[in-house]
Amino acid sequence: ADEVPRDRFVRVYAAQPRSTAAVLQLRVLCIELLSAAISSEGLKQAEHERLRARIIGAFFKALTSPSDEVIGAAKEGLAHVVRQQKLQKELLQTSLRPILLNLADYRKLSVPLLHRLSRLLQLLANFFNVTLGEKLLEHLKKWTEPDGLAKVRQNSKPGDDVRIATAIIELFVLLPPAPLKFIP
């Protein structure tokens, strides 16, 4: 029989000493519990809209975790929400703002940031417009200019420039369909 997330939470948390692995597993179970809760008919009522927004915000925040398990649970929860309902524009803007602000300046780009954007594009590609592709192309050009590359290398680890450029290129496949604007 399928185990209810809450029962799994109690069993896992009670059986293990408090360690990093246990806390990580606890986070995953909490996200799974939130995912189950947001699917319930009771939370679909208008009076619980604020709570739903907070749960969705928690899913977005969990996508920034360094843990693949937490990210996987958050992606599943967010994917479930996207399939069930249309996300409010304000909630999306609030949730995406931290990532988009860091995308504004090519010197702030990092592999983890680009991977977060990749996860968001996998789930929400249709919520992004052509401007994102234009900005990524602009950043990629900066990474190929000697002056731009020199500025970035001052504050990064060796090899980061190649990893970041590669991560930018990998994002183009995930962008929403657009005219062949980005293909030279």
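Residues numbered from 1 in each chain as written. Predicted model: local features only at pLDDT ≥ 70, side-chain atom pairs only at ≥ 80, totals over all residues. Heavy atoms only, no water.

Caption draft 1: Geometry of the nonpolar core. Membership of the largest hydrophobic core comes to 44 residues, with the highest contact counts inside it found for Leu109 and Leu117. When contributions to this core are tallied by element, the ones reaching two or more residues are helix H2 (20-39), helix H3 (49-62), helix H4 (68-84), helix H5 (89-103), helix H6 (111-124), helix H7 (130-144) and helix H9 (160-171). Here this core takes eight residues from H6, the largest share from any one element. Apart from residues no more than four positions distant in its own chain, leucine 109 is found in contact with Asn102, Leu103, Leu114, His139, Trp143, Ile164 and Ile168. (Core = buried A, V, L, I, M, F, W, Y, C linked by side-chain atoms within 4.5 Å. Buried < 20%, exposed > 50% of the residue type's maximum accessible area, 1.4 Å probe, protein only. Helix = DSSP H or I, 4+ residues; strand = E, 2+ residues; numbered from the N terminus. Contact = heavy atoms within 4.5 Å.)

Caption draft 2: Structural context of the pattern of salt bridges. The tally for this structure, following the rule as stated, stands at three salt bridges. A salt bridge links glutamate 41 to lysine 44, with the shortest nitrogen-to-oxygen separation between them at 3.4 Å. When the shortest N-O distance is used, the salt bridge between lysine 135 and glutamate 138 registers 3.3 Å. Pair noted here: lysine 135 and glutamate 138 are both in helix H7, with a separation of three residues, about one helical turn. Taking relative accessible area as the criterion, glutamate 138 reaches 39% and is therefore assigned partly exposed. (Salt bridge = Lys/Arg side-chain N within 4 Å of Asp/Glu carboxyl O.)

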